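These are the residues of each chain, in order.
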Amino acid sequence: MSDTKPDPIAQMEKIVSLCKRRGFIYPSSEIYGGCGGVWDYGPLGAELKRNLREAWWRAMTRDREDILGLDACILMNPAIWKASGHVDTFADMMRECSLTNKRVRADHVEAQAGTVMQFTGAKAATGWSISRQITVLMKQGEHIESFRKRVRALIGQNAGAAAGKPEEIELLGEQKTEVVTASVDFHPESGGLLGESRPFNLMLRTYLGPTATEADVTYLRPETAQAIFAQFKNVFDSSRVKVPFGICQIGKAFRNEVTPKNFTFRSREFEQMELEFFIKPDEAVEIISGEVAKWSDGADLSEPQPNWGWEMWHRYWVDQRTKFYQNIGLGDVLEYYWQTPADLAHYARACVDILCEFPFGTEELEGIAARGAFDLTAHQQASTKSQEVFDEDLKNAAAKLTPEQKEALIQKRLAAEQAKVKGEPMPEADVRAWFERLFKGNYVPHVIEPSAGLDRMALAVIAKAFDETVKTDDKGKSETITVLRFHPRVAPIKCGVFPLLKNKPELVAKAREVYALLKPHMNCFYDETASIGRRYARQDEAGTPFGVTIDFDTLGEKPELLNTVTVRERDSNAQHRIQISELLGWLQARL
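Notes on the structure in this doc start here.

## With respect to the overall build of the protein chain
Regarding its fold elements, the protein chain presents 17 helices and 29 strands. Overall size of the protein chain, expressed as C-alpha extent along the three principal axes, is 90 × 85 × 55 Å. Each of the 591 residues in the protein chain was classed as buried or not, and the buried ones make up 48%. Of the contacts made within the protein chain by residues no fewer than 6 positions apart, 66% connect residues no fewer than 24 positions apart. Accessible area for the protein chain stands at about 29,300 Å²; split by element, carbon and sulfur atoms hold 50% of it. Computed over 75 positive and 84 negative side-chain charges, the separation of the two mean positions in the protein chain equals 4 Å.

Pasting the structure below:
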């Protein structure tokens, strides 16, 4: 593996090129010029995503007894998005280029240096003209004639055929105004002056019904979580579960990103993997268990306990998600950002972002939030349908409390409400009404939400796996070899099967026999063209961890090796001689 740190931009360009060349990821609608911020997954990419999807689903449901699955529709009643706050507040602040009308997120504008140039307008021989002020940044080191040519081209592009040829556009009233060194007021691509920041709702609108009027407006969901909240009571009532328990789902989500960027990292169509894990309020835990466990460094998170409150559950899920990423080969590229009180939403008690090192920087891979009862309460109020659960253990434990003990719990909550730094404190009357319901065994569950993006996860796995080495032969000729060092658990192809020579029917027949043995149990690739070294190299570039070669020893040239094959490991180049009868088990033990 290479020890030198590669140039990030060059590294990302190589990854993008490899993804297209080997069939991992293609630009969507490429033959028609593309579709911004949308990507298609080719044969290898589809397999990689499937493996990651299945690993997540297995970790969340098959390996646990306390999480159930859901597969909800993309289209939902728009009242859900009103109740959740998405209609009113799900927005990014954006700025618009005064030259090209392109939009950019206000927080994504990189500081630029150069000379601010102004023009009073522009005109063309066709009779077309504009008479408004045009302000553009001539970037540091840009030649004045190249700058003017660029401005003409951008004006012509925006004006269309009416302006004629861009080179014939005349720029009027040119003037240098000032030199800037770190300005964020110009579009990073065009250099045009940016307008003031204003909110831009990220939801994609569509119509559900025959009239296509405002009454039929709905949205492509911007997240999968709200369907889980909307179906909470149905799942709870139909599945005979008890809190704490979780509901998870995997599905498409859509956001009309102002500036999709960094390949598939920020896209307009993507796939989410979200868990809503419902827990008792801390007050209910205290009533039942007599105490709420406090988090401290070194606390045992291996097995959930009855006295866990929201903080222990939150730490537990950070630990669980970290272990998941370690199990798919991302353990050494993870970092964490614990949001400060200033970062948090008013309803959130804590949120940690699991960060991952990408070639373009360290960015968020997954967020894990302690969201309180905000979501279910919002839907309860908007729908007027109760989202409370009844807890017999809580009712029985509360019945044993003295009036003084009950009042102490109420006073403790009132003090916490007054200490809030965000959001309005709950009025005393509402606090007492809430406790009255709680003492009878009723409450709206709180939630811990691990939310991950499948596309970001796939990109992280590809970026982590990407490796280049330079090999020099005996004649001094050097060749750059690309290898994807996927963890075997998520590799799109688990093994390649190769007859040593394709012109020996007996080798081909035995190789086909081995391929047929393995194919029902794992994704394999059969290849008989080119030299065996070249075939290994092709599979290394696709990320295949194991290569199985059928040679003359397999056929009994050496009697003691009859019905054995050579298995080559991608990362170590180690070779093992394995009996065909033991091959499947040998491979499965390493996947």
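From this point, things continue past the structure.
## Looking at the sheet that holds strand 5 (residues 103-105)
Strand pairing in a sheet is mediated by backbone hydrogen bonds. Such pairs are either parallel or antiparallel. The strand order across the open sheet formed by 3 strands is 5-4-12, and the pairing between neighbours is antiparallel. Bordering the open sheet on either side are strand 5 and strand 12 (198-201), each of which pairs with just one other strand. Averaged over all pairs of adjacent strands, the angle between strand axes in this sheet comes to 55°, irrespective of strand direction.

## Remarks on the environment of Thr482
You can see Thr482 is positioned in strand 24 (residues 478-484). Residue classification places Thr482 among the buried positions, given a relative accessible area of 14%. For Thr482 and Asp467, which are 15 residues apart along the polypeptide, the C-alpha to C-alpha distance reads 5.8 Å. Discounting chain neighbours no more than four positions away, the residues touching Thr482 are Leu18, Phe466, Asp467, Glu468, Asp540 and Glu541.

## Details of the packing of aromatic side chains
This model, assessed by the stated rule, comprises 25 aromatic pairs. Considering the side-chain rings of Phe232 and Phe245, the 6.0 Å spacing of their centres and the 20° angle between planes classify their relative orientation as stacked. Note that Phe232 is positioned in helix 7 (residues 232-239) and Phe245 in strand 15 (residues 245-254), a separation of 13 residues in sequence. Each member of the pair Phe232 and Phe245 is classed as buried. Here the aromatic cluster, defined as three or more aromatic residues joined through ring pairs, consists of Phe229, Phe232, Phe236, Phe245 and Phe278. Lying over the aromatic face of Tyr536, Arg568 brings its terminal NZ or CZ to 4.5 Å of the ring centre. The ring centre of Trp586 lies 3.8 Å from the NZ or CZ of Arg590, which sits over that ring.

## Quick notes on the sheet that holds strand 26 (residues 524-526)
Pairing is mixed in the open sheet, where 5 strands are placed in the order 26-25-27-28-29. Single-partner strands in this sheet number two, and they are strand 26 and strand 29 (575-579). On average, adjacent strands in this sheet sit at an angle of 25° to one another, irrespective of strand direction. Those strands touched by helix 15 (residues 505-518) are strand 25 (495-499), strand 26, strand 27 (546-550) and strand 28 (564-569), and its axis lies near 160° from that of strand 25. Against the sheet, helix 16 (residues 532-542) engages strand 25, strand 26, strand 27 and strand 28, with an angle of about 165° to strand 25.

## Thoughts on the pattern of salt bridges
Any two side chains of opposite charge can pair, given that their charged atoms come close. All chains considered together, the criterion is met by 45 salt bridges. Measuring nitrogen to oxygen at the nearest pair gives 3.2 Å for the salt bridge that ties Glu54 to Arg50. Within this pair, Glu54 and its partner Arg50 are both found in helix 2 (residues 43-62), separated by 4 residues, close to a single helical turn. Arg50 sits in the partly exposed class, given a relative accessible area of 46%. In this structure, the salt-bridge partner of Arg485 is Asp571, at a minimum N-O distance of 3.1 Å. On the criterion of sequence distance, the pair formed by Arg485 in the loop between strand 24 and strand 25 and Asp571 in the loop between strand 28 and strand 29 is long-range, its members being 86 residues apart. Using a relative accessible area of 47% as the deciding quantity, one classes Asp571 as partly exposed.

## Some words on the nonpolar core
Judged by nonpolar contacts, the single largest core of 62 residues is most densely connected at Leu52, Trp317, Tyr325, Ile328 and Phe486. In terms of residues, this core owes the most to one element, helix 14 (residues 454-465), which gives 9 residues. Not counting chain neighbours up to four residues away, the residues in contact with Leu52 comprise Phe324, Ile328, Leu454, Met457, Ala458, Val461 and Val490. Grouped together as the second largest cluster of nonpolar side chains are 44 residues, Leu202, Met203, Ile228 and Leu438 included.

## Re the packing of helix 2 against helix 14
The N-to-C vectors of helix 2 and helix 14 enclose an angle of 110°; their axes lie 10 Å apart at closest approach. Of the possible angle classes, the one that applies to helix 2 and helix 14 is roughly perpendicular. Read as a crossing pair, helix 2 and helix 14 show a hand that is right-handed. Touching Leu48, Lys49, Leu52 and Arg53 of helix 2 are Leu454, Asp455, Met457, Ala458, Val461 and Ile462, all from helix 14.

## Some words on unusual backbone geometry
Omega for the bond connecting Val243 with Pro244 falls within 30 degrees of zero, at 10°, which places this linkage in the cis form. Structurally, Pro244 can be placed in the loop between helix 7 and strand 15. For Phe263, which is not glycine, the phi dihedral falls at a positive 60°. As for its placement among the helices and strands, Phe263 is situated in the loop between strand 15 and strand 16 (269-279). According to the relative accessible area criterion, Phe263 is buried, its value standing at 10%. Its identity as a non-glycine residue notwithstanding, Thr384 has a phi of 65°, on the positive side. Take Thr384: it is sitting in the loop between helix 10 (374-383) and strand 20 (389-390).

## Points about helix 14
Taking 1.5 Å per residue, 12 residues should reach 16 Å; helix 14 reaches 16 Å between its end C-alpha atoms and fits that length. For helix 14, the buried fraction is high: 11 of the 12 residues fall into the buried class. All of the buried residues along helix 14 are Leu454, Asp455, Arg456, Met457, Ala458, Leu459, Ala460, Val461, Ile462, Ala463 and Ala465.

## Focus on helix 7
Within helix 7 the residues assigned to the buried category are Phe232, Lys233, Val235 and Phe236. The arc enclosing the buried residues of helix 7, seen along the axis, measures out at 165°, which places them on a common side. Seen from the open side of helix 7, the exposed residues pointing more than 90 degrees away from its buried face are Asn234, Asp237 and Ser238. Elements in contact with the buried residues of helix 7: strand 3 (67-69), helix 6 (225-230), strand 15, strand 16, helix 10 and strand 20.

## Quick look at the state of the cysteines
According to the stated counting rule, one finds 0 disulfides in the structure shown. With no disulfide of its own, Cys248 lies closest to Cys73 among cysteine sulfurs, the gap being 17 Å. Using a relative accessible area of 0% as the deciding quantity, one classes Cys248 as buried. In this structure Cys524 is not part of a disulfide, and its nearest cysteine sulfur, from Cys495, lies 3.6 Å away.

Rules behind the numbers
- Residues numbered from 1 in each chain as written.
- Predicted model: local features only at pLDDT ≥ 70, side-chain atom pairs only at ≥ 80, totals over all residues.
- Heavy atoms only, no water.
- Helix = DSSP H or I, 4+ residues; strand = E, 2+ residues; numbered from the N terminus.
- Buried < 20%, exposed > 50% of the residue type's maximum accessible area, 1.4 Å probe, protein only.
- Contact = heavy atoms within 4.5 Å.
- Areas by Shrake-Rupley, 256 points an atom, 1.4 Å probe, with all protein chains shown as cover.
- Lys, Arg positive; Asp, Glu negative; His and termini not counted.
- Charge placed at Lys NZ, Arg CZ, Asp CG, Glu CD.
- Pairing = 2+ DSSP bridges.
- Axes fitted to C-alpha atoms, helices over the stretch in contact; angles between N-to-C directions.
- Phe/Tyr/Trp six-rings, centres within 6.5 Å; stacked < 30°, edge-to-face > 60°.
- Lys NZ or Arg CZ within 6 Å of the ring centre and 35° of its normal.
- Salt bridge = Lys/Arg side-chain N within 4 Å of Asp/Glu carboxyl O.
- Core = buried A, V, L, I, M, F, W, Y, C linked by side-chain atoms within 4.5 Å.
- Parallel < 35°, antiparallel > 145°, perpendicular 65-115°, else oblique.
- Left-handed = near helix turned anticlockwise from the far one by under 90°.
- Expected span 1.5 Å × (residues − 1).
- Arc of directions from axis to C-beta.
- Disulfide = S-S within 2.5 Å.

By themselves, these figures tell us nothing about what the structure is for.
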